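Structure assessment
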Amino acid sequence: MNIPHLTFQDLLPVAPAGVLVVGAIVLLLSEVFLSTAQRTYQAVIGTLTALLAGAVAMNNAFEPARAALQGYVVLDPFSQWMTVLVCLGTALASLLSAGFLNHRNAERGEFYALILFSAAGMSLLAMSAEFITLFINLEVLSISTYALTAFLRRGPRPAEAGFKYFILGAFSASLLLYGAALLYGATGSTRFLDVGLALPQAFAQQPGLVYAGFGLVLAGFAFKVAAVPFHMWTPDVYEGAPTPVTALMSAGVKAAAVVALVRTFLFLVKGLSPEVPFIAFSALALLSMVGGNLLALPQRNVKRMLAYSSIAHAGYLLLGVAALFAPATAKGSDAVGLFTATPLLGSMPNVAASVYKGLLFYLLGYTVTALGAFGTIAALERREDETRSNTWDLERFAGLAQRKPGWAAAMAAFMLSLGGVPPTVGFLGKLYLFGAAVDAGLLGLAVAGVLASVAGVYVYLRVVVYMYMRPAPADAPAPFRHWTTEVALIASAVAVVALGVLPGPVTEWFSRAGMVFGS
Amino acid sequence: MSAEQVLFWVFAVATVVAAGGVILARNPIACAMSLVATFFFLAGIYVLLWAHTIAAVQVLVYAGAIMVLFLFVLMLMSLSDQGPVMTFSAWRIAGVVAVVTVLAALVLVFRRLPAQESLAWSGDAARLGDFGTIKHLGAVMYTQWLFPFEAVSLLLLVAIVGAVVVAKARV
Amino acid sequence: MESPLTPYVPVAIVLFLAGAMAAAIPFIAGLLGPRSPSAVKSEIFEGGNPPIGSARQRFAVKFYVVALLFIVFDVEAVFLYPWAVNFQQLGWFGYATMAVFAATLVVALVYVWKKGALSWES
């Protein structure tokens, strides 16, 4: 029997996920063994665990790229930086949840434990390099988010959202699994590396099988990323889920799924022309950018509007993914480049490196912005409003600037950042990402993206107009006060502005992330 | 015809008959019991294909645990004796079209398969070795597939917590 | 081992005997037992009380949680099976492997137990 030889080095990439799982177990056990009425400590444990995991991942991000744990996972800066972003989002979501759940008398250790479990799933998903591992980690992530969506079961909306998310999520996961099975049938392996090596021959013999496998895997990912035309579930689920969970879904799930998508297809197209995935990604990106922004236009419900906005942001991310597979990117990297097996630091093709940097910076900006925006909405929700249809109506934001100038200023910053208006991080993220796309030769797509986001600016500015130029209605809600919510929102707002003005150190770190295992 | 071929036909016909019972029986409990029978006969076919582990899992998990869940769902619903009223809707036509299409595709694929008569049963056994046995699976799963295996325990933990949170916790 | 079915001969014998018993006993009982039917005897017997309403009632959702947990722990048992078959060869490494796996599920069991998801009342 071959007993594998595992070293400490093998455990490095999964260390952040390990920290998150241990923290989640501590929370689970604290919930059943400690019975104090005051449960804010759970949010603090959740936040500290996420920050610790983020620190571990940041340390890993400076390691050279390599495969680990018998090749089931890879350690590379891209996945580790993505883990840092996921942990940042998890920490903010934990803090936001404390006030939100406290207000509803629903603080439970399981909630934070599930948040940490889903973060562990995201981190592991981002580094998976084999289909079975990928599927298991995707399910860890998905099942914890299904349960979180249905966590507040009192109203009909959470139940409906949880049910829809579960059914459609299970459906999309089975599409992905089916695609993986077809590729396994065509190539005889589930490891991305071996699949990629065997694909040229399989493609020559059975092109239909390979296309079907590609298509099903892509559709499975597109569901998770919420790209048009696989976006139907998004508005209902995002609206019905507890608002901090929505924030985590829109930022974290998307980030992890994008990384997994990039990694899977980088390996898969290794021996093939990247043209087909390039066309597919471009189409998804265009549809999502245009569709998300146009669908957001008529929404008066701010939470629903942000759900459509997250579809649009998925489109911008897919623009970056398309840029990675663009012919120009591949051409510029003939020697050590995108479609060869050995990555070398410093000789990375510039285009691909700048796309990776753009993707990471964009996701960083979107994480802090989305968490902040959903967090502000969460703070303005009242428990007694949950059955009313106008809980998240624009009217609720009217006159916020007079009543609570600090909150209005923070929300304005988040809205401007979502719209990509300087001097916020959202502007710089779009600048880097669209710039990289233009470098990759995707001028048309980038122009379409800019035009679509101009339509989006109208949507976001309307919220700002309501806050600053409309009188407050008589029954305007005051945000509830809880120190955790305020810490999270201040942190997000400061990050949105500070990263928009001084991106230097972070972009310096991210520029190393161009070194991606498998590229 | 060898004993295996006889048994294959026994299992195959029985599977189809039992599967027909699942969709044709009026009483939901009878449907569920037909499903158990389907699972058992399928397990027999898996054994004939040397997939011993899958056969065991089929009986343990599907015919055991999953069926328990099915029966509980049936008991959760208020069952009355009358079945659903047969309606003639567009969905029904679409369903028939889909079934016929899939059936036609399967028949087409099946007819294009090369003749497999050269693969005698004993030849198969020699070719496969202990592939598909529980022993072989175990030897590979706990050593070469270590990480996915441990990840499954995390998945099961998350599933338990999720189930309890959604179905049990008082929030 | 020429046929995949060889190890299943004992299983087939057990199945056959079980089926034969189940078929034979009611038949023999009907053949040998004396019969004197009456109206009272053919009534539905339900714990001595007259039966009320339909037997097909809805069950409480708590049964469902038990069924869900049963599935998950049953899947765990499936993973134990190939491990037990290979226990000798896997040695201490295999022991550690399964210890990590089982420890994770012990956490789940402790959580479920303390949470009260297994308790019948409440």
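Computed from a prediction, not measured in an experiment: that's the story for all the values here.

Let us look at the overall build of chain B. Within chain B, the secondary structure is distributed over seven helices and zero strands. For chain B, the N- to C-terminal ordering of α and β elements is α-α-α-α-α-α-α. A buried classification covers 25% of the 171 residues belonging to chain B. Pairs at least 24 residues apart make up 57% of the contacts formed inside chain B by residues separated by at least 6 positions.

So, about the overall build of chain A. Secondary structure assignment for chain A yields 21 helices and two strands. Rg of the C-alpha trace for chain A: 22 Å, near the compact-globule value of 24 Å for 519 residues, within the 12% margin. The principal-axis extent of the C-alpha atoms belonging to chain A is close to 70 × 55 × 40 Å. Every one of the 519 residues in chain A was classed for burial, and the buried ones make up 63%. Contacts in chain A between residues far apart in sequence, at least 24 positions, make up 81% of those at least 6 positions apart.

With 43 residues of chain C at the interface, the matching set in chain B holds 45 residues. Elements supplying a minimum of two residues to the side of chain C that touches chain B: helix H2 (62-85) and helix H3 (87-115) of chain C. No other element matches the 18 residues that H2(C) contributes to the side of chain C that touches chain B. Residues belonging to the side of chain C that touches chain B are distributed by class as follows: 31 nonpolar, six polar and six charged.

Residues and elements named next belong to chain A. For the pair helix H7 (residues 156-187) and helix H8 (residues 192-205), interaxial distance at closest approach is 9 Å and the crossing angle is 65°. It follows that H7 is roughly perpendicular to H8 by the angle criterion. Considering only the axes of H7 and H8, their crossing is left-handed. Residues Leu183, Ala186 and Thr187 of H7 lie in contact with H8, whose contacting residues are Asp194, Val195, Ala198, Leu199 and Ala202. For the contact of H7 with H8, the residue count by class is six nonpolar, one polar and one charged.

Turning our eyes to something else, we now look at the domain arrangement of chain B. Under the domain assignment, chain B is made up of domain 1 (3-132) and domain 2 (133-171). Listed by partner, the interface residues are six residues for domain 1 of chain B and five residues for domain 2 of chain B.

Contact with chain A, which involves 31 residues of that partner, is made by 18 residues of chain B. Contributions of two or more residues to the side of chain A that touches chain B are made by helix H2 (15-33), helix H5 (109-127) and helix H6 (131-149) of chain A. Sort the elements by how many residues they give to the side of chain A that touches chain B and H6(A) lands first, with ten residues. Here the side of chain A that touches chain B is built from residues that sort into 22 nonpolar, five polar and four charged.

The next thing to look at is the packing of helix H2 (residues 28-48) of chain B against helix H3 (residues 52-76) of chain B. All names here are of chain B. Two elements in contact, H2 and H3, have axes separated by 8 Å at closest approach and are oriented at 175°. In terms of their interaxial angle, H2 and H3 are classed as roughly antiparallel. Across the interface between the two elements, Pro28, Ile29, Ala32, Leu35, Val36, Phe39, Phe40, Leu42, Ala43, Tyr46 and Val47 of H2 pack against His52, Ile54, Ala55, Gln58, Val59, Tyr62, Ala63, Met67, Phe70, Leu71 and Leu74 of H3.

Our focus in this paragraph is the confidence of the model for chain A. One rule of thumb: low pLDDT means the predicted coordinates there are not for detailed reading. Residue and element names in this part refer to chain A. When pLDDT is averaged along chain A, the result is 88, and 93% of the positions lie at 70 or above. Across chain A, the secondary-structure element scoring lowest on mean pLDDT is helix H14 (residues 327-331), at 71, and the one scoring highest is H6, at 96. Taken together, the stretch residues 333-348 has pLDDT below 50 and engages in 26 contacts with residues farther than four places along the chain or on a different chain.

Residue and element names in this part refer to chain C. Across its 29 residues, H3 extends only 34 Å between first and last C-alpha, which sits more than 12% below the 42 Å expected from 1.5 Å per residue. Most pronounced at Phe93, the bend in H3 amounts to some 70°. Turning to H3, its buried residues are Leu90, Gly94, Thr97, Met98, Phe101, Thr104, Ala108, Tyr111 and Val112. Just downstream of H3 lies Gly116, where phi reads positive at about 90°.

Quick look at the nonpolar core now. The biggest cluster of nonpolar side chains holds 242 residues, and the ones touching the most others in it are A:Leu116, A:Ala256 and A:Ala322. Ranked by the residues each element gives to this core, the list is headed by helix H15 (residues 350-380) of chain A, at 21 residues. Among residues more than four places away in sequence, those in contact with A:Ala322 are A:Phe278, A:Phe281, A:Ser282, A:Ala285, A:Leu442 and A:Leu445. Residues B:Phe41, B:Leu42, B:Tyr46 and B:Ala55 belong to the second largest nonpolar core, which totals six residues.

Another point: the environment of A:Thr36. All names here are of chain A. With respect to the element layout, Thr36 can be found in the loop between H2 and helix H3 (40-60). Accessibility expressed as a C-beta count within 10 Å gives 9 for Thr36, which makes it exposed. For Thr36 and Gly449, which are 413 residues apart along the polypeptide, the C-alpha to C-alpha distance reads 51 Å.

In this section: the environment of A:Leu261. Residues and elements named next belong to chain A. Looking at the element boundaries, Leu261 is found in helix H11 (residues 243-268). The exposure class assigned to Leu261 is buried, which follows from the 23 C-beta atoms found within 10 Å. The contact partners of Leu261, leaving out residues within four places of it in the chain, are Phe221, Val225 and Val321.

As a further point, take unusual backbone geometry. The phi torsion of most residues other than glycine is negative, and most of the peptide bonds are trans. Residue and element names in this part refer to chain A. With an omega dihedral of 5°, the bond running from Val228 to Pro229 counts as a cis peptide bond. With respect to the helices, strands and loops of the structure, Pro229 is situated in the loop between helix H9 (207-225) and helix H10 (234-240). The omega angle of the peptide bond from Pro422 to Pro423 is 5°, so this bond is cis rather than trans. Relative to the elements of secondary structure, Pro423 occurs in the loop between helix H17 (405-419) and helix H18 (425-439).

Residues and elements named next belong to chain B. Mean pLDDT over chain B: 82, with 82% of residues reaching 70 or higher. Note on residues 118-123: pLDDT is under 50 here. Beyond four places in sequence and across chains, it has five contacts. As a predicted assembly, this complex carries a pTM of 0.90 together with an ipTM value of 0.92.

So, about the environment of A:Ser511. Topologically, A:Ser511 is positioned in helix H21 (residues 504-511). Among all residues touching A:Ser511, those that are not within four sequence positions of it are A:Ala353 and A:Lys357.

Rules and cut-offs
- Residues numbered from 1 in each chain as written.
- Chains lettered and ligands numbered in written order.
- Predicted model: local features only at pLDDT ≥ 70, side-chain atom pairs only at ≥ 80, totals over all residues.
- Helix = DSSP H or I, 4+ residues; strand = E, 2+ residues; numbered from the N terminus.
- Buried ≥ 20, exposed ≤ 12 C-beta atoms within 10 Å, placed from the backbone.
- Contact = placed C-beta atoms within 7 Å.
- Rg over C-alpha atoms; globule rule 2.2 N^0.38 Å.
- Nonpolar A, V, L, I, M, F, W, Y, C, P; charged D, E, K, R; others polar.
- Axes fitted to C-alpha atoms, helices over the stretch in contact; angles between N-to-C directions.
- Parallel < 35°, antiparallel > 145°, perpendicular 65-115°, else oblique.
- Left-handed = near helix turned anticlockwise from the far one by under 90°.
- Domains from an automatic or database assignment.
- pLDDT = per-residue confidence, 0-100.
- Expected span 1.5 Å × (residues − 1).
- Bend = angle between axes of the 7 residues up to and from the residue.
- Core = buried A, V, L, I, M, F, W, Y, C linked by C-beta atoms within 7 Å.

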